[in-house]
Amino acid sequence: MEVLVSGRPVSRILLAEGIPDPGVEPILKAARIRGVSVERTARKELDRLLGSKMHQGVLAMVQARDYVDIEDILEVAKDQGEMPLVLLADSVQDPQNLGAIIRTAEAAGVHGLILPKRRSADVSPGTVKASAGASEHLAICRVTNLPRAMDSLKDRGIWVIGASPQASNVLWETDLNIPLGIVVGGEHSGLGRLVVDKCDFTVSIPMKGHVGSLNVSAATAVMLYEVLRQRRHALLDS
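Nothing here was measured: the structure is a model prediction, and the numbers come from that model.

**With respect to the environment of L113**
At step 1: By the element assignment, L113 lies in strand β5 (residues 112–116).
At step 2: Exposure remark for L113: the relative accessible area of 1% places this residue in the buried category.
At step 3: Distance from L113 to A30, taken between C-alpha atoms, is 27 Å for residues 83 residues apart in sequence.
At step 4: L113 has contacts with I73, L87, A89, L98, I102, L138, A139, I140 and C141, leaving out every residue within four places of it along the chain.

Structure representation (structure tokens):
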């Protein structure tokens, strides 16, 4: 549904036989408006195409994703009249985590996501599904070198901070009402050394329990919504 709403080119939609029309009527209606053909097919054919039985019987055949440049992300912020808020993911390799991160980022008003081309999950069908379609509405950039991308943001007046359990700066004691890039680390080793070195500073999320850190998607949500909270308070006070 989000693919159809976003305007991304869709060649056709496949529906598994036996799905009642009322259950997919919004999709059928949007497809008619877009002029996209809808075909019924055996569920096992969808299993074959997806390589999995974990689906809801609806498949869209789409054009390959167009990734954007850093300048395009900053243009989104400019068009919305907002200070830039950019998310960078360092070696997040689980498609489910990446999808959850994208979903939260889009909901929190992030202007774009930067991913490294190596040692990172791609925006695969599994990622798109985990994002609940949010990936269709978020500008995503893939770069060869993440530290270099961080330098590019800093050259444009954007502060780049990293999320680290070892950081002495506490998240909600830090002024985040600034042009900002937030870097979150991968599932296994967190932020890489070169990435940490490029950060203007790092911040930690206080932990009261026995576990030392949050899942990367949960940590991303906490950080982004603290940014959103601070920015909304600043607007109310101005």
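Anyway, onward from the coordinates.
**Examining the packing of aromatic side chains**
At step 1: The tally for this structure, following the rule as stated, stands at 1 aromatic pair.
At step 2: On the basis of an interplanar angle of 55° and a centroid distance of 6.4 Å, the ring pair of W159 and F201 is categorised as tilted. Highlighted residues: W159 in strand β7 (residues 159–163) and F201 in strand β10 (residues 201–204), separated in sequence by 42 residues.
At step 3: The ring of Y67 has R142 lying over it, and the distance from NZ or CZ to the ring centre is 5.6 Å.

**Brief notes about the environment of V184**
At step 1: Position of V184 relative to the elements: it lies in strand β9 (residues 180–185).
At step 2: Judged by relative accessible area, V184 falls into the buried class, the value being 3%.
At step 3: Those residues in contact with V184 that lie beyond four places of it in its chain are L87, L88, A89, D90, A163, L191, V216 and T220.

**Details of the pattern of salt bridges**
At step 1: Applying the stated rule across the entire model yields 11 salt bridges.
At step 2: In this structure, the salt-bridge partner of R65 is E136, at a minimum N-O distance of 3.9 Å. Of this pair, R65 sits in the loop between β3 (58–62) and α4 (70–79) while E136 sits in the loop between α6 (125–130) and β6 (140–143), and the two are 71 residues apart along the sequence. The pair R65 / E136 is uniform in exposure class, with both members buried.
At step 3: Across the pair K198 and D151 runs a salt bridge whose closest N-O atoms are separated by 2.9 Å. Of the two residues, K198 sits in helix α8 (residues 193–198) while D151 sits in helix α7 (residues 146–155), which places them 47 residues apart along the sequence.
At step 4: A residue is classified by how much of its surface remains accessible, and K198, at 29% relative accessible area, is partly exposed.
At step 5: Here the salt bridges do not stand alone but share partners, grouping R8, R65 and E136 into one network.

**Topic: α4**
At step 1: Turning to α4, its buried residues are I70, I73, L74 and A77. Each buried residue of α4 sits inside an arc of 95° when the element is viewed along its axis, so together they form one side. Structural note: α4 exposes K78 and D79 on the side pointing more than 90 degrees away from its buried face.
At step 2: Buried residues along α4 sit against β4 (85–90), β5, β6 and α7.
At step 3: Downstream of α4 by a residue or two, G81 has a phi angle that is positive, lying close to 65°.

**A few points about a negative patch on the surface**
At step 1: Residues D69, D72, E75 and D79 make up a contiguous surface patch of negative charge.
At step 2: Along the chain, D79 turns up in helix α4.

**A word on the pairing of β7**
At step 1: Within β7, 4 of the 5 residues are buried, which leaves the element mostly enclosed by the surrounding structure.
At step 2: Pairing between β7 and β9: 4 bridges, direction parallel. Bridge pairing in β9 links W159 to L180.
At step 3: Sheet topology note: the β7/β10 ladder contains 3 bridges and is parallel.

**Focus: the sheet that holds strand β1 (residues 10–16)**
At step 1: As summarised here, the arrangement of the 3 strands in space is β2-β1-β3, forming an open sheet in which the pairing is mixed. The open sheet has two edge strands, β2 (37–41) and β3, and neither has a second partner. Recorded for the sheet is a direction-independent mean angle of 25° between the axes of neighbouring strands.
At step 2: Two strands pair when backbone bridges link them, and β1 and β3 are joined in this way by 5 bridges, in the antiparallel orientation. Within the sheet, the bridge partner assigned to L15 lies in β3 and is V58.
At step 3: Running at roughly 165° to β1, helix α2 (residues 21–34) makes contact with β1, β2 and β3 of the sheet.
At step 4: Sitting on the sheet, helix α3 (residues 43–50) touches β1, β2 and β3, and the angle it makes with β1 is about 130°.

Each value, and the rule that gives it
- What you see as residue numbers is a count from 1 along each chain, following the sequence as written.
- Per-residue local features of the predicted model are confined to residues with pLDDT of at least 70, and side-chain atom pairs are confined, for both listing and counting, to 80 or more; whole-chain, interface and lining totals are unaffected and use all residues.
- Side-chain descriptors were evaluated using all non-hydrogen atoms of the structure, hydrogens and water having been removed beforehand.
- A helix here means a DSSP run of H or I that spans at least four residues, while a strand means a run of E at least two residues long, and both kinds are numbered starting from the N terminus.
- For every residue, the accessible area obtained with a 1.4 Å probe (protein chains only) is divided by the maximum for its type, and the residue is called buried under 20%, exposed over 50%, and partly exposed between those limits.
- Residues count as neighbours in contact if any of their non-hydrogen atoms are within 4.5 Å of one another.
- Two aromatic rings from Phe, Tyr or Trp, using only the six-membered ring of Trp, form a pair when their centres are within 6.5 Å; if the ring planes differ by under 30 degrees the pair is stacked, by over 60 it is edge-to-face, and anything between is tilted.
- Put simply, a charge is over a ring when the Lys NZ or the Arg CZ is close to the ring centre, within 6 Å, and near the line of the ring normal, within 35 degrees.
- Note on definitions: salt bridges are taken to be side-chain nitrogens of Lys or Arg within 4 Å of carboxyl oxygens of Asp or Glu.
- The arc under discussion is defined with respect to the helix axis, by the directions toward the C-beta atoms.
- Patch definition: residues above 30% relative accessible area lacking any salt bridge, with like charges linked at up to 9 Å and the nonpolar side chains Val, Leu, Ile, Met, Phe, Trp and Tyr linked at up to 5 Å.
- Only the protein chains shown count as cover for residues, with accessible areas throughout obtained via the Shrake-Rupley method and a probe of 1.4 Å.
- In this tally, Asp and Glu contribute negative charge and Lys and Arg positive charge; neither His nor the terminal groups of the chain are included.
- Each charge is placed at NZ for Lys, CZ for Arg, CG for Asp and CD for Glu.
- Two strands are said to pair when DSSP picks up at least two bridges between them.
- To obtain an axis, a line is fitted to C-alpha atoms, over the contacting stretch when the element is a helix, and the angle between two such axes runs from 0 to 180 degrees between their N-to-C directions.

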